[in-house]
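Chains, contacts and geometry: an overview
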Amino acid sequence: EAGVTQSPRYAVLQEGQAVSFWCDPISGHDTLYWYQQPRDQGPQLLVYFRDEAVIDNSQLPSDRFSAVRPKGTNSTLKIQSAKQGDTATYLCASSQGVGTEVFFGKGTRLTVV
Amino acid sequence: SQLAEENLWALSVHEGESVTVNCSYKTSITALQWYRQKSGEGPAQLILIRSNEREKRNGRLRATLDTSSQSSSLSITATRCEDTAVYFCATDQGGRALIFGTGTTVSVSP
């Protein structure tokens, strides 16, 4: 069974640039999460979806971050006008509903200089 | 402040020894999950322990949960070098996404 796939694996940007991250969850998983993991910290939830609907985006900096999952399968997280404070690993994960095991991708390591 | 946190930043043991990672949390939970994250990888679930359970085992791993003190522990026996990783507890508050702690780095040396 294929796991959660993310691309790219690494990205280096200058402040002010935009970047998009792509995620392909495990087939059949209706719930998809995006977490931000700063260096030496635990994953911090940004947003999660059930199918195509956003369930919780309260921690997503809405002025510069956006996330979509238009067909309830793949998802894209976009950062407009990146800041140095956005430097972190961005993890996508999926599960068969909340409260079940969550499967993570390898993440995208973003560096903003 | 963190809703869940592991109590120590880092632990170091030799192969074959046992190690215990502790976690405390601040909210009512329906379950608690332990995850392990190796360098360059995403976290992977080790154990899920529900609020009505006191102990759960998975091979060399043993998790305990004390809802009265809002704490949990993960013990690893007969450690191996490949157990070197960051260990996270993650709380499930029911119907919401997991909230992760800050993590404890466990280093196992030969």
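Here the structure is a predicted model, which means the values were calculated and not measured.

**So, the overall build of chain B**
The number of helices and strands found in chain B is zero helices and eleven strands. Starting at the N terminus, the α and β elements of chain B follow one another as β-β-β-β-β-β-β-β-β-β-β. Taking 2.2 N^0.38 as the reference for a compact globule, 110 residues should give roughly 13 Å; the C-alpha atoms of chain B span a radius of gyration of 13 Å, in line with that estimate. Viewed in the frame of its principal axes, chain B has a C-alpha envelope of about 40 × 25 × 20 Å. Within chain B, the proportion of its 110 residues that are buried is 45%. Summarising the internal contacts of chain B: among those between residues at least 6 apart in sequence, 53% fall at separations of at least 24. When the accessible surface of chain B is summed, it comes to about 5,100 Å², and 46% of that surface belongs to carbon and sulfur atoms.

**Remarks on the state of the cysteines**
Enumeration over the complete set of coordinates arrives at two disulfides over all chains. Two residues share a disulfide in this structure: C23 of chain A and C92 of chain A, whose sulfurs sit 1.9 Å from each other. Here C23 of chain A and C92 of chain A share a disulfide; its torsion about the S-S bond, -70°, makes the bridge left-handed. Of the two residues, C23 of chain A sits in strand β3 (residues 19-24) while C92 of chain A sits in strand β9 (residues 88-95), which places them 69 residues apart along the sequence. Take C92 of chain A: its relative accessible area is 0%, and that puts it in the buried class. Between the sulfur of C23 of chain B and that of C89 of chain B lies a disulfide, 2.0 Å long from S to S. With the S-S dihedral at roughly 70°, the linkage between C23 of chain B and C89 of chain B falls on the right-handed side.

**Comments concerning the pattern of salt bridges**
Residues and elements named next belong to chain B. Summed over the entire model, instances satisfying the criterion amount to six salt bridges over all chains. In this structure, K56 engages E53 in a salt bridge whose closest nitrogen and oxygen atoms are separated by 3.8 Å. Linking E55 and R62 is a salt bridge whose minimum nitrogen-to-oxygen distance equals 3.1 Å. Looking at E55, the relative accessible area reads 37%, which means it is partly exposed. Judged by its relative accessible area of 28%, R62 falls in the partly exposed class. Within the structure, one salt-bridge network assembled from shared partners comprises R36, R60 and D83.

**Let's talk about the interface of chain A and chain B**
Facing 19 residues of chain A, the contacting portion of chain B comprises 20 residues. With both sides pooled, the region where chain A packs onto chain B buries about 1,500 Å², and carbon together with sulfur makes up 52% of that total. When the buried surface of chain A facing chain B is broken down by residue, P43, G99 and F104 of chain A rank first, second and third, together holding 27% of it. Between the two partners, chain A and chain B, sit zero salt bridges. Counting residues per element, the ones that place at least two in the side of chain A that touches chain B are β4 (31-37) and β5 (44-50) of chain A.

**Things to note about the environment of E82 of chain B**
Residues and elements named next belong to chain B. Of note, E82 is situated in the loop between β8 (71-76) and β9 (85-92). Look at E82 and you get partly exposed, because its relative accessible area is 45%. A sequence separation of 26 residues divides E82 from V108, and the C-alpha atoms of the two residues are 7.6 Å apart.

**Re the sheet that holds strand β8 (residues 75-79) of chain A**
Residues and elements named next belong to chain A. Taking strand neighbours across the sheet as the criterion, the four strands line up as β1-β3-β8-β7 in an open arrangement whose pairing is antiparallel. A single partner strand is all that each edge strand has here, and the edge strands are β1 (5-7) and β7 (65-68). For this sheet the average axis-to-axis angle between neighbouring strands, irrespective of direction, equals 15°.

**With respect to unusual backbone geometry**
A cis amide bond links S7 of chain A to the next residue, P8 of chain A, at an omega of -5°. Positionally, P8 of chain A belongs in the loop between β1 and β2 (10-13). One non-glycine residue, S81 of chain A, adopts positive backbone phi at about 50°. Within the secondary structure, S81 of chain A is located in the loop between β8 and β9. We note that Q70 of chain B has phi near 50°; this positive angle belongs to a residue other than glycine. Tracing the backbone through its elements, the reader meets Q70 of chain B in the loop between β7 (61-66) and β8. Owing to a relative accessible area of 27%, Q70 of chain B belongs among the partly exposed residues under this scheme.

Parameters at a glance
Residues numbered from 1 in each chain as written. Chains lettered and ligands numbered in written order. Predicted model: local features only at pLDDT ≥ 70, side-chain atom pairs only at ≥ 80, totals over all residues. Heavy atoms only, no water. Helix = DSSP H or I, 4+ residues; strand = E, 2+ residues; numbered from the N terminus. Rg over C-alpha atoms; globule rule 2.2 N^0.38 Å. Buried < 20%, exposed > 50% of the residue type's maximum accessible area, 1.4 Å probe, protein only. Contact = heavy atoms within 4.5 Å. Areas by Shrake-Rupley, 256 points an atom, 1.4 Å probe, with all protein chains shown as cover. Disulfide = S-S within 2.5 Å. Salt bridge = Lys/Arg side-chain N within 4 Å of Asp/Glu carboxyl O. Buried area = accessible area lost by both parts, 1.4 Å probe. Pairing = 2+ DSSP bridges. Axes fitted to C-alpha atoms, helices over the stretch in contact; angles between N-to-C directions.

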